[in-house]
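Observations on the model geometry
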Amino acid sequence: MSVAIPRLSGGVPLLGHLLELRRDPVGLMQRCRDECGDIGELRLAGQSMVMLYGEDAQEAFFRAPEEQLDQAAAYPFMKPVFGPGVVFDATPEQRKQALRNRSLRDQAMRGHAQGIAAETERMTASWGDAGSVDLLDFFAELTIYTSSAALIGPEFREELNAELVPLFHDLERGTDAIAYVNPNLPLPSFRKRDRARRRLVAFVQSIFDRREAEGRESKDLFQVLRTIKNPDGSPRYDVTTITGMFISLMFAGHHTTSTTSSWALLELCRHPEWMARVVAELDALFADGGDVSYQALREIPTLESVLKETLRLHPPLILLMRKAMTPFQHKDWVIEPGQMVGVSIAVSNRDPHAFRDPQRFDPSRFEPGREEDQRIFAYIPFGAGRHRCVGAAFAMMQLKAIFSILLRRYEFELAQPPESYKSDHSKMVVQLAQPCRVRYRRRAELAS
Amino acid sequence: MKIRVDLDLCQGHGVCVEEAPELFALDAATSKVVVLEANPPEALRAKLAAAVKYCPTRALRLVEQ
């Protein structure tokens, strides 16, 4: 015996709630929660999407096997970004294998910490004693270097430069939810997406050409992919596919870490008492002049709580989706095959049942005794369950390495009114809206 | 203390084996975690806590008795 799923009010003929999703996605998802309760249906063009809310329903969502709730079919806006044969064009079993990525393992991460710190030093080398910086520009470039060095290799990293930043920006801006109607509509953002992808393919080709011309013996992931052959001796992966793999590797860790770095710095500037605590913690930790090592980064509890609270209030992904492949039952409700199912990270992370005073920036909610992040199906900035972000530990390590450098070298303050800093939710990939400038000044005791 | 495993969530990433090889192994057939020591000694508390903290799917819990 199943019960009808409540339908969200509003929406327009044909497009349903799609325009509202593009205009104010967090508002839409919260409205659905407020109006419908733990379960509510909305429409994205011709597609029905059932939203699940609250720890119980979210747990059911995150525990469902791939055969029942499929990821690939739910993200049509990603296929043109990654291209054919990559990630959402692969079978669940292939994806599962690929997820056990060795570069994110503990052993490999030991080498990454110092590299990330060094990249941060390099990016700030030209800063001088004081000035201002646009957070989106700065962190988007920094995280392209750190991610590529860690995930693909230092040699490849050295072949990159600032020209890549706008290309990634165009790919990320090419994730308009209108893709639910058609991911290839003649829209400027989709044209830019496709042009950026073509340029990245040409760029990757030029790297291979140069390596070949110089007769260089490369051993990084790129070269390995290039040498894999089919049984008939032809190359298994063409440059377009390898570029797609590069994009997909970078994509998960790029805009997410970039946006989180920006918001963490902004929240610290807005909350000087927390800034003072974090700076004191870092100064004490590195007082003996020790390196920003992997082990040092494991134990920075106050900074870690600040980062967790930043991720709670400003999750870089706001909506996770699946497509029902078989009937999915939760309590008395049944979601039918073909319907999409969604969980909103943005709404869940501010659920008053799970978080005390949920709108307030309060990193102490993660300190011993409260530990609100132990509610693993409510605190979900990295998702939960079998698909929980496999790079979560890497991301936290990377963020800590970046701030271990920035906050020990410079003092920061807002360069705009505090309420003028906003996330841009007009695309499925969340970015900080520009302008988003802060001022920096080399710390007095360190002034050169 | 006791170790509680949620095999539904475990995807065999093996982070726990790297953090606490005394306590965990991966099953060769299923790729899922196997607990070697259900009631670990106090001396291994820090290692167990790290395994719980860094499990990518949060499949492990440390339960006080």
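These remarks concern the structure in this document. (Residues numbered from 1 in each chain as written. Chains lettered and ligands numbered in written order. Predicted model: local features only at pLDDT ≥ 70, side-chain atom pairs only at ≥ 80, totals over all residues.)

Take the overall build of chain A next. Regarding its fold elements, chain A presents 17 helices and 12 strands. Taking 22 Å as the expected radius of gyration for a compact globule of 448 residues, we find that chain A reaches 22 Å, a close match to that expectation. C-alpha extents for chain A along the principal axes are approximately 70 × 60 × 40 Å. Out of the 448 residues in chain A, the part that is buried amounts to 43%. In chain A, the proportion of contacts linking residues at least 24 apart, taken out of those at least 6 apart, comes to 73%. (Helix = DSSP H or I, 4+ residues; strand = E, 2+ residues; numbered from the N terminus. Rg over C-alpha atoms; globule rule 2.2 N^0.38 Å. Buried ≥ 20, exposed ≤ 12 C-beta atoms within 10 Å, placed from the backbone. Contact = placed C-beta atoms within 7 Å.)

Residues Gln434(A) and Pro435(A) are joined by a peptide bond in cis, for which omega reads 0°. For Pro435(A), the location among the structural elements is in the loop between strand E11 (431-432) and strand E12 (437-442). Its identity is not glycine, yet Lys331(A) carries a phi of approximately 50°, on the positive side. What makes Lys331(A) exposed here is the crowd of 12 C-beta atoms within 10 Å. The phi dihedral of Ser31(B) is positive, around 65°, even though this residue is not glycine. For Ser31(B), the position within the fold is in the loop between strand E2 (24-26) and strand E3 (33-35). Looking at Ser31(B), the number of C-beta atoms within 10 Å reads 14, which means it is partly exposed.

Residues and elements named next belong to chain A. With respect to the helices and strands, Pro188 occurs in helix H10 (residues 188-213). Using a count of 10 C-beta atoms within 10 Å as the deciding quantity, one classes Pro188 as exposed. Taking the C-alpha atoms as reference, Pro188 lies 22 Å from His17; in sequence the two are 171 residues apart.

In this section: the interface of chain B and chain A. Listed by partner, the interface residues are 11 residues for chain B and 13 residues for chain A. For the side of chain B that touches chain A, the element with the highest residue contribution is helix H1 (residues 15-19) of chain B, accounting for 3 residues. A class-by-class count of the residues in the side of chain B that touches chain A yields 4 nonpolar, 3 polar and 4 charged. (Nonpolar A, V, L, I, M, F, W, Y, C, P; charged D, E, K, R; others polar.)

What follows covers the packing of helix H12 (residues 239-270) of chain A against helix H15 (residues 301-313) of chain A. Residues and elements named next belong to chain A. Interhelical geometry of H12 versus H15 gives an angle of 110° and a closest axis separation of 9 Å. Classified by the angle their axes make, H12 and H15 are roughly perpendicular. For the pair H12 and H15, the contacting residues are Thr260, Trp263, Ala264, Glu267 and Leu268 in the first and Val306, Leu307, Thr310 and Leu311 in the second. Within the contact of H12 with H15, the residues separate by chemical class into 6 nonpolar, 2 polar and 1 charged. (Axes fitted to C-alpha atoms, helices over the stretch in contact; angles between N-to-C directions. Parallel < 35°, antiparallel > 145°, perpendicular 65-115°, else oblique.)

Let us now look at helix H9 (residues 164-173) of chain A. For an α-helix, the turn length of 3.6 residues means that residues three or four places apart are oriented alike. For H9(A), a buried count of 7 out of 10 residues is recorded, marking the element as mostly surrounded by other parts of the structure. Against the buried residues of H9(A) lie helix H4 (79-82), helix H7 (135-151), H10, H12 and E11 of chain A.

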